[in-house]
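Each chain, letter by letter, is given below.
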Amino acid sequence: MKKNGSNKKNINNKEKNQKNNKASKVALIVKILIVICFLVLVGDILFIIHSRNEKNKGKTFFTSLNAYVQVDKNYYGVGSDNYNNKEGYEKAVVNKYDSKYRKIWSREFKSKYNSTYYNIKNDGDYLLAVGSFEDTKEENKEKLRTAMFIKYDNEGKVIFKKTLQLLGNSKFTNILVLEDSYIVVGQSILPNNVLGNDDRGGAIIIKYSKDGEVIWQKNAGGNKSGLFNDVIKDGDYLYAVGKDATRYGLIAKYTLDGERIKAVSYAKTDTMGFSSAVIVDSKLICVGAKKLNEEDEYDHDTDALIVQYNLNLEKENETTYKDEKKGLERYNKVIVDDKKNIIVVGHEAVLDEDNSTANENAYNYKSIIAKYDIKLKRKKAVTYDEDLDDYFTDIKVIDDEYVVSGYKKYRNNRYKTFFIKYSKDLKL
């Protein structure tokens, strides 16, 4: 009896061990399957990342901050951005920032193709943005633009949208807010492949009512390249600056009713002409770039330029800024501070021989901020060279500091925007 009981016990232990072994094998198989699934998942993720990186190798992720305004303790900036567009189109955007330059919201211009905002101004509870966009498939194909002028409330709701297309390629570049109206400037020119003479185009200046109705519209300069980049007011007159023909700066003086009093040109600038202007002590200060070599078709060497005129548009003085190396220097924006110092921001561009080709030159960009006295004597100039390329676009005096906006390339194909502050001694 004891022997039979022992046999039964052995049989039970054997069956129990067999069950345990079977369970262990199942658990091992499950573990192996889990590991295999995990490895497949990791492989898929790595493949997706690799595919995305390969796809993005040729794509540039671009964003710009072309101008800004301060309203109370917030900032509103405009530019363009293609980060969120699957087709890669740049879209004009208005961004709201808090007092520490952190983005609160972004409002994108509604268009199918590319668009850009060049400037922004505020008018009480409203924001005014100007730029250009590709309105049709044909404009997108031919790289042509239609000018746009958008009025927003301070939360980014569109109040009105005004567009202009006269000769085929148009843009609005700047706005001046008056007590009862807006002055908007830009251009409408013939496309490069179109010959002709149309007296409606060139540099454009328009007076709008506060409701967006055209009061008067005038033009100046050549219909293939005329352009106004800025407009300012002094007393009963408007002064618009830009370019007349290729590489000829342009200044035009108008009454508030649109009558042109006088226009003068400056030889020679780069292809942008005069980009910004201010008036201080009855002197008109214009900035841009000076072309140095008449034989240089592609402007491989320009100097940053400041030209002083009296209010009758007679030139009185000028000065230039040159880096140590041959390259492209220009001033993009000029303001005057409370001490009547003339403050300018712009950029330098030096030829990148390693990445240039026989058909196209590549440049390395860094930014400039400089201070001049009323006689155009330079007090100080500082360069900003933090990343691969840096671009200063706008400057204002806020809380006794110079607040500069811009954008930079921080990787080979990626850009980001920024605000930085300089002291009155041009120290970061």
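Quick summary incoming for the structure in this document. (Residues numbered from 1 in each chain as written. Predicted model: local features only at pLDDT ≥ 70, side-chain atom pairs only at ≥ 80, totals over all residues. Heavy atoms only, no water.)

## Examining the side chain of Lys253
Alright, step 1. Relative to the elements of secondary structure, Lys253 occurs in strand 15 (residues 248–255).
Alright, step 2. As a buried residue without a salt bridge, Lys253 has its nearest oppositely charged side chain in Asp234, at a separation of 7.6 Å.
Alright, step 3. Engagement of the side chain of Lys253 in a polar contact is seen with the backbone oxygen of Leu311, the distance being 3.0 Å.
Alright, step 4. Sequence-distant contacts of Lys253, that is, excluding residues within four places in its chain, are made with Tyr237, Leu238, Tyr239, Glu259, Arg260, Ile261, Lys262, Leu311, Asn312 and Leu313. (Helix = DSSP H or I, 4+ residues; strand = E, 2+ residues; numbered from the N terminus. Buried < 20%, exposed > 50% of the residue type's maximum accessible area, 1.4 Å probe, protein only. Lys, Arg positive; Asp, Glu negative; His and termini not counted. Salt bridge = Lys/Arg side-chain N within 4 Å of Asp/Glu carboxyl O. Polar contact = N/O pair within 3.5 Å; in protein donor to acceptor, adjacent residues only side chain to side chain. Contact = heavy atoms within 4.5 Å.)

## A few points about the pairing of strand 7 (residues 146–153)
For a regular strand, side-chain orientation follows a simple rule: the groups alternate between the two sheet faces.
Alright, step 1. Among the eight residues that make up strand 7, seven are buried, leaving the element largely enclosed by the rest of the structure.
Alright, step 2. Pairing geometry for strand 6 (residues 126–133) and strand 7, over eight bridges, is antiparallel. Paired with Tyr126 across the strands is Asp153, a residue of strand 7.
Alright, step 3. Sheet topology note: the strand 7/strand 8 (residues 158–164) ladder contains six bridges and is antiparallel. When the sheet's bridge partners are listed, Met148 is paired in strand 8 with Thr163.
Alright, step 4. Counting the residues that bridge the hairpin from strand 7 to strand 8 gives four residues, and of these Gly156 lies at a positive phi of roughly 90 degrees. (Pairing = 2+ DSSP bridges.)

## Examining the sheet that holds strand 15
Sheet strands line up and pair through hydrogen bonds in the backbone, either parallel or antiparallel.
Alright, step 1. Taken together, four strands build an open sheet; the order of strands is 13-14-15-16 and the sheet is antiparallel. Every other strand in the sheet has two partners, leaving strand 13 (227–234) and strand 16 (260–267) as the edge strands with one partner each. Adjacent strand axes in the sheet meet at a mean angle of 15 degrees when their direction is disregarded.
Alright, step 2. Across seven bridges, strand 13 lies against strand 14 (residues 237–243) in antiparallel orientation. Bridge pairing in strand 14 places Leu227 opposite Lys243. (Axes fitted to C-alpha atoms, helices over the stretch in contact; angles between N-to-C directions.)

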